[in-house]
Amino acid sequence: MRRYSRIAGTGSSLPPRRVTNADLAAELAQRGIETSNEWIIERTGIHARHFADPAVTSSDLGAEASRAAIAAAGLTPQDIDLIIVATSTPDMVFPSAACIMQNKLGIAGCPAFDVQAVCSGFVYALTVADALIQSGSASRALVVGAEVFSRILDFNDRTTCVLFGDGAGAVVLEAADTPGILASDLHADGRHTGILCVPGNVSGGQVLGDAFLKMDGQAVFKLAVGVLESAARNVLQKAGRTEADIDWLIPHQANIRIMQGTARKLKLPMEKLVVTVDQHGNTSAASIPLALDSAVRSGRIRRGDTLMLEGVGGGFTWGAVLLDF
Ligand code: UT7
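Sequence positions are assigned chain by chain, starting from 1 and proceeding in written order. Given that this is a predicted model, residues contribute local features only at a pLDDT of at least 70 and side-chain atom pairs are listed and counted only at 80 or more, while totals for whole chains, interfaces and linings are drawn from all residues. Hydrogens are left out, water is left out, and the side-chain values use all remaining heavy atoms of the structure.

Enquirer: For the environment of C110, give the residues involved together with the corresponding values.
Expert: Relative to the assigned elements, C110 resides in the loop between α4 (97-104) and β5 (112-115). Exposure is judged per residue with a 1.4 Å probe applied to protein chains only, and the accessible area is read against the type maximum: over 50% gives exposed, under 20% gives buried, and values in between give partly exposed. With relative accessibility at 15%, the residue C110 sits in the buried group. With 27 residues separating them along the chain, C110 and I83 place their C-alpha atoms 7.4 Å apart. When checking whether two residues touch, look at their non-hydrogen atoms; a contact exists if any pair is within 4.5 Å. Among residues more than four places away in sequence, those in contact with C110 are I80, D81, L82, I83 and Q102. Strands are runs of DSSP state E lasting at least two residues, helices are runs of H or I lasting at least four, and both sets are numbered from the N terminus onward.

Enquirer: I'd like to hear about the state of the cysteines, residue by residue, with values.
Expert: Cysteine sulfur pairs qualify as disulfides if the two atoms are within 2.5 Å. Applying the stated criterion across every chain, the model contains zero disulfides. A disulfide-free cysteine, C99 has its sulfur positioned 9.0 Å from the sulfur of C110, the nearest such atom.

Enquirer: Quick one: what's the story with the domain arrangement of the protein chain, residue by residue and with numbers?
Expert: Domain start and stop positions are those given by an automatic or database domain assignment. Once the domains are mapped, the protein chain shows domain 1 (4-177) and domain 2 (182-324). Between domain 1 and domain 2, the C-alpha centre-to-centre distance is 14 Å. On the domain 2 side, the residues contacting the 51 residues of domain 1 number 44 residues. Carbon and sulfur atoms supply 61% of the area buried between domain 1 and domain 2, which totals about 3,600 Å² over both sides. Buried area is calculated as the accessible area (1.4 Å probe) missing from two parts once they are joined, with the contributions of both summed.

Enquirer: Which residues make up a nonpolar patch on the surface, and what values do they have?
Expert: Think of a patch as exposed residues, more than 30% relative accessible area, with no salt bridge, where like charges cluster within 9 Å and nonpolar side chains (Val, Leu, Ile, Met, Phe, Trp, Tyr) cluster within 5 Å. Using the Shrake-Rupley algorithm and a 1.4 Å probe, accessible areas are obtained, with residue cover drawn only from the displayed protein chains. Within this document, salt bridges are pairs made up of a side-chain nitrogen of Lys or Arg and a carboxyl oxygen of Asp or Glu, the two lying within 4 Å of each other. A contiguous nonpolar surface patch, about 470 Å² in accessible area, is contributed by V93, F94, V202 and V207. Exposure remark for V207: the relative accessible area of 51% places this residue in the exposed category.

Enquirer: Please provide a residue-by-residue account of empty space enclosed by the protein, values included.
Expert: A cavity here means a set of points on a 1 Å grid, drawn over the protein atoms and nothing else, where a 1.4 Å probe fits but cannot get out; a pocket is an open set with protein on both sides within 12 Å along at least five of seven lines, and a residue lines either one if it has an atom within 4 Å of a point. Grid points are joined across faces, edges and corners, and a volume is the space filled by probe spheres set on the points. Enumeration over the complete set of coordinates arrives at one cavity of 30 Å³ or more. Taken as a whole, the largest cavity spans an internal volume of roughly 40 Å³. As for the largest cavity, its lining consists of L228, P251, H252, A254, N255, I258, M259, T262 and V312. Broken down by element, the residue count for the lining of the largest cavity peaks at three residues, all from helix α8 (residues 256-265).

Quick look at the structure:
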């Protein structure tokens, strides 16, 4: 009998410090940088984001989200046999945030590693976990997106620092006789490395180059709109489904205009779009599992619903996962 994987539980974690656009505009004004609540809402749909305190790391947020996902699945950390963390803001160069998180969960022995695909990280990680479960290498995987993007933001650059936030989301993916995950579609195009990057690196005991996030917003915007539609169509075709089968579209939460554009192209009513970018900002690899958990816990997403998850970001990377929840 063929082996599939299905989501057994979801969880998330947001640092308590909520920063509204007005709070951020006031902070930036002290540096002589001008922005406004109106500009941020009109161009992005963001109203607020959460920022972690300096001592809090991605593995802290990821561990909290994981505990909630494990509890929602009716399991204990000892049941987990694979940990994959998608992050671009790991606690340190190495070991991985996944190994540090594993220790915080009080378990040892199972494989644990990070996936680096920036804002597409969660769909990449989910696809890798699904493949390892299908092959029989794992049975209960913890798949996490965890970020402290506030650490890599240049608060003198208003074109980027108003867009991002911190947080984590997690799912327990377990082996099942029926899907679960129906199909995935992953891509990358390294020709576009320069449009979204943190170009610094560690060398000779120092950070060389610029370790702040750089983005050509308009170039990213244009690419994102096209690839999100093609990934969605590819994954529907692979699964033998159509747009009409989608109950919920959960795209990467970067900009409400990109998300609404994708929904329109798929002829989905806006009520089927899960939106958390207004309250979380862009939390990179954490945005999809954060949005998923919020819609599950509010009772909107129910067992049996068909979900389209879509990621896009630095690399350039993009991808989609279609699943029956
Ligand atoms: O997570 C990975 C995926 N990332 C994304 O999907 C991001 C994709 N890109 C975007 O979401 C949008 O391009 C942005 C939200 C980043 C920018 O929106 P835009 O409509 O493309 O604005 P723009 O860059 O064309 O800037 C318009 C104006 C400029 O002024 P001028 O040149 O017209 O005088 C900017 O200098 O808005 C100005 N501006 C700001 N004004 C107030 C840029 N940032 C700000 C700001 N506050 N924070």
